[in-house]
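Next come the chains, spelled out residue by residue.
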Amino acid sequence: MKVRVPVSIPPVVPIRIHGPRGTKDIDALIDTGATYCVFSRVDMLHVGYDLTAATYVPIATAGGVIRAPQLIVTAVDVLGFRRLRVSALVKDLEGSGVKALIGWSFLDRFRLTVDARRNSLTLSDRE
């Protein structure tokens, strides 16, 4: 399967996160510099995750190293592609203009092409 969509640059796409108590549709930035997907605390609570049971891991940010909850999200859908058991960090991205990031913990099983000149993004199964 291969999907090509028009995007803004930087690329923001609609996604769906799945949890123990439902799903939530949000917009997320495709961030090839992010090791993990990042979702907000409010969104993770909304779909039923218990953050008190999460493991806290150190992460490097522009402001220094912080600790954030890490959990395994049941499934994440991006442009019609579903990945099960996605490792994600829980961190609010206030001031960034986005609610979530899609990082390598989702992207590493797919082929991703961003054509900035044409403002398009292509996501496909690895061939």
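Please refer to the structure placed before this passage.
As the structure is a prediction and not an experimental result, all values here were calculated from the model.

Engineer: Outline the pairing of strand β10 (residues 120-125), supporting the account with residue identities and numerical values.
Structural biologist: Buried residues dominate β10, accounting for five of its six residues. Bridge count between strand β9 (residues 110-115) and β10: six bridges; the pairing is antiparallel. The residue bridging Asp115 from the neighbouring strand is Ser120, located in β10. A loop of four residues connects β9 with β10, the two strands running antiparallel in sequence, and Asn119 in this loop sits at a positive phi of about 50°.

Engineer: An account of the nonpolar core is requested, with residue identities and associated values reported.
Structural biologist: Counting residues in hydrophobic clusters, the biggest one holds 31 residues, and the most contacted among them are Phe39, Met44, Val78, Ile102 and Phe106. Looking at this core, the elements with two or more residues in it are β1 (2-6), β2 (12-19), β3 (22-30), β4 (37-39), β6 (64-78), β7 (81-90), α2 (104-107) and β10. Counting 10 residues, the second largest nonpolar core, distinct from the first, contains Ala68, Leu89, Leu93 and Leu101.

Engineer: Quick rundown of the sheet that holds β10? Include the residues and the values.
Structural biologist: With antiparallel pairing, the three strands of this open sheet are ordered in space as β1-β10-β9. The open sheet has two edge strands with one neighbour each: β1 and β9. On average, each strand axis in the sheet is tilted by 15° relative to the strand beside it, whichever way the strands run. Strand direction decides the pairing type here: β1 and β10, joined by five bridges, are antiparallel. What sits directly across from Arg4, in β10, is Thr122.

Analysis parameters
- Residues numbered from 1 in each chain as written.
- Predicted model: local features only at pLDDT ≥ 70, side-chain atom pairs only at ≥ 80, totals over all residues.
- Heavy atoms only, no water.
- Buried < 20%, exposed > 50% of the residue type's maximum accessible area, 1.4 Å probe, protein only.
- Helix = DSSP H or I, 4+ residues; strand = E, 2+ residues; numbered from the N terminus.
- Pairing = 2+ DSSP bridges.
- Core = buried A, V, L, I, M, F, W, Y, C linked by side-chain atoms within 4.5 Å.
- Axes fitted to C-alpha atoms, helices over the stretch in contact; angles between N-to-C directions.

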